[in-house]
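Inside the fold
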Protein chains: 2
Amino acid sequence: MTSVDTRAVVDLLGALAYAELTAFDRLAEDARLAPTLAGRAALARMAAAEIGHHDRLAQRLTELGTEPATAMAPFTAALDAFHEQTRPGNWLEGLVKAYVGDGLATDFYREVAAFLPDPDRDLVLEVLADTGHAEFAVREVRAAIAADRTVAGRLSLWARRLVGEAITQSQAVIAEHDQLALLLTAGTGNLAGVARLIERLTAAHTERMRVLGLRG
Amino acid sequence: MTSVDTRAVVDLLGALAYAELTAFDRLAEDARLAPTLAGRAALARMAAAEIGHHDRLAQRLTELGTEPATAMAPFTAALDAFHEQTRPGNWLEGLVKAYVGDGLATDFYREVAAFLPDPDRDLVLEVLADTGHAEFAVREVRAAIAADRTVAGRLSLWARRLVGEAITQSQAVIAEHDQLALLLTAGTGNLAGVARLIERLTAAHTERMRVLGLRG
């Protein structure tokens, strides 16, 4: 493995730290849409786990000599825009967004983490560990579709909109961050490697849609 | 100490469990009003701590043979009404609400906890432990007043409105829960004891207003 520029590590940890902070926000907001108190507590608990992850990343950034706020700043606009464009209108849209959107983001970060030196690789893999959200979302969405088949069509459209918006914002971020772009190309070997990475992400996404009972 | 009716314990733990869940919501909402990313992460961290407390209470309710959702249900309307009537319009109002409102609620729960048998007394005292919010709120509010003296007047009015609304909702809850009313009267000895409890709560509230630099 070629040595990795510290700026790329700081960029990646900064992006992920802000992603965890927005994940907290979003789960906290979705918690209020929960149809039951138990569902609301479950989502609040997942939000709390994201803040634990955020803190780990912020601590590591401080160790690397960077203010967490400074490392996060370049990524706030794109992540805020993504969430602004994909604000769930109800409980099920929130769960699909969490499962499909976070699943895609997690896969992407996990692929990039493989190119990082330790301890940052392990840290990223650790904070990406599922907080129990996936299983919860799958159960609720499948139950809703079983109760009303028309739900599947509406949620499939919603999921496609999420992915489109995620691709738009990711491209904008990578285009503006040369170090991240270099990390991706160097890590995968070349542009063909990047193409294979995208294929892997797409395959995993299609599988998640199938598990939810949605059309990709 | 006279023996305490289990229904009163369940009522108190249920009210507190829902209060922690709404505290999570409110801190998560206030986090979004933070003027800095560091302030936002700080509030999100405090919200996460409240969910830890909620989980402890929910676990104890389950041990006592009561569904947490069932124990919380009688208190959702009053607590939701309180938060609906006192939605902060900005970052400073949110901090004053957290410091003054939570301070008052914490003092009240702490007084009532003294009447409970163990392990519930210790559990309540433990979940009431300050999550670092108080010191943070005092620092931010005092700094804002130092920068602009007119802020003190507006926030003093806001604090008075909070207390008025808190008294209205508490009276409604106690009026509808005989076991809680009995616990209060039996615990303090008699109505004169209740009056002294209210005096202690008022004195502590006046002190908090002074610390913030507000007029009670």
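Residues numbered from 1 in each chain as written. Chains lettered and ligands numbered in written order. Predicted model: local features only at pLDDT ≥ 70, side-chain atom pairs only at ≥ 80, totals over all residues. Heavy atoms only, no water.

Orientation of helix α1 (residues 6-31) of chain A relative to helix α1 (residues 6-31) of chain B, taken along the N-to-C sense of each, is 130°, at an axis distance of 10 Å. By the angle between their directions, the pair α1(A) and α1(B) is classed as oblique. As α1(A) packs across α1(B), the resulting crossing turns out to be left-handed. Contacts between α1(A) and α1(B) pair F24(A), D25(A) and A28(A) from the former with F24(B), D25(B) and A28(B) from the latter. Its residues assigned to classes, the contact of α1(A) with α1(B) shows four nonpolar, no polar and two charged. (Axes fitted to C-alpha atoms, helices over the stretch in contact; angles between N-to-C directions. Helix = DSSP H or I, 4+ residues; strand = E, 2+ residues; numbered from the N terminus. Parallel < 35°, antiparallel > 145°, perpendicular 65-115°, else oblique. Left-handed = near helix turned anticlockwise from the far one by under 90°. Contact = heavy atoms within 4.5 Å. Nonpolar A, V, L, I, M, F, W, Y, C, P; charged D, E, K, R; others polar.)

The next subject is the side chain of T22(A). The residue T22(A) is located in helix α1 in this model. When its relative accessible area of 5% is taken as the criterion, T22(A) is described as buried. Excluding anything up to four places from it in sequence, T22(A) contacts L79(A), D80(A), H83(A) and R40(B). (Buried < 20%, exposed > 50% of the residue type's maximum accessible area, 1.4 Å probe, protein only.)

Here helix α7 (residues 150-176) of chain B spans 41 Å end to end across 27 residues, near enough to the 39 Å set by a 1.5 Å rise per residue. Close packing links the buried residues of α7(B) with α3 (68-85), α4 (91-113), α6 (133-147), α8 (178-188) and α9 (191-212) of chain B. (Expected span 1.5 Å × (residues − 1).)

Counted according to the given criterion, the structure contains 28 salt bridges over all chains. Between R32(A) and D25(B) there is a salt bridge whose closest N-O contact spans 3.5 Å. With R32(A) in the loop between α1 and α2 (37-63) and D25(B) in helix α1, the pair connects residues from two separate chains. A relative accessible area of 32% means that R32(A) is categorised as partly exposed. Note that R32(A) and E29(B) form a salt bridge whose closest N and O atoms lie 3.3 Å from each other. Here the residue R32(A) occupies a position in the loop between α1 and α2, and E29(B) occupies one in helix α1, the pair thus bridging two chains. Taken together, the shared-partner salt bridges connect D25(A), E29(A), E84(A), R87(A), R32(B) and R40(B) into one network. (Salt bridge = Lys/Arg side-chain N within 4 Å of Asp/Glu carboxyl O.)

All names here are of chain A. Looking at the secondary structure, you find H53 in helix α2. Overall, the relative accessible area of 14% leaves H53 in the buried class. Within the structure, H53 has its side chain in polar contact with the backbone oxygen of V127 (distance 2.9 Å). (Polar contact = N/O pair within 3.5 Å; in protein donor to acceptor, adjacent residues only side chain to side chain.)

Between chain A and chain B, which share one sequence, the superposing operator has a rotation angle of 180° and an axial displacement of 0.0 Å; the RMSD is 0.0 Å. Here the symmetry operator amounts to a two-fold rotation axis. For chain A, the smallest separation between a C-alpha atom and the rotation axis is recorded for A48(A), amounting to 2.2 Å. The residues that chain A uses at the interface reappear at the interface of chain B in 100% of cases, marking a shared surface. (Least-squares fit on C-alpha atoms with pLDDT ≥ 70 in both.)

Further remarks concern the interface of chain A and chain B. Contact with chain A, which involves 21 residues of that partner, is made by 21 residues of chain B. Buried surface at the junction of chain A and chain B, summed over both partners, amounts to about 1900 Å²; 61% is from carbon and sulfur atoms. The largest share of the area that chain A buries against chain B comes from R32(A), L37(A) and R40(A), three residues that together contribute 30% of it. In this assembly, chain A and chain B are joined by eight salt bridges. Two residues, D25(A) and R40(B), come together in a salt bridge whose shortest N-O distance is 3.1 Å. At the junction of chain A with chain B, the criterion picks out 10 residue pairs in polar contact (both at pLDDT 80 or more). At the level of secondary structure, the elements contributing two or more residues to the side of chain A that touches chain B comprise α1, α2 and α3 (68-85) of chain A. (Buried area = accessible area lost by both parts, 1.4 Å probe.)

All names here are of chain A. If you trace the backbone, A113 turns up in helix α4 (residues 91-113). Overall, A113 belongs to the buried group, its relative accessible area being 0%. Separated by 100 residues in sequence, A113 and G213 place their C-alpha atoms 30 Å apart.

What follows concerns α1(B). The end-to-end C-alpha separation of α1(B) is 37 Å, in line with the 38 Å expected for 26 residues at 1.5 Å each. By the criterion of burial, α1(B) is predominantly enclosed, with 23 of the 26 residues buried.

The next point concerns unusual backbone geometry. With an omega of 5°, the peptide bond between D118(A) and P119(A) qualifies as cis. Position of P119(A) among the secondary structure elements: in the loop between α4 and α5 (120-127).

All names here are of chain B. With respect to the helices, strands and loops of the structure, M209 is situated in helix α9. According to the relative accessible area criterion, M209 is buried, its value standing at 1%. Each C-alpha atom, one on M209 and one on V100, is 7.3 Å from the other, the two residues being 109 residues apart in sequence. With sequence-adjacent residues up to four places away left out, M209 is seen in contact with V100, S156, A159, L214, R215 and G216.

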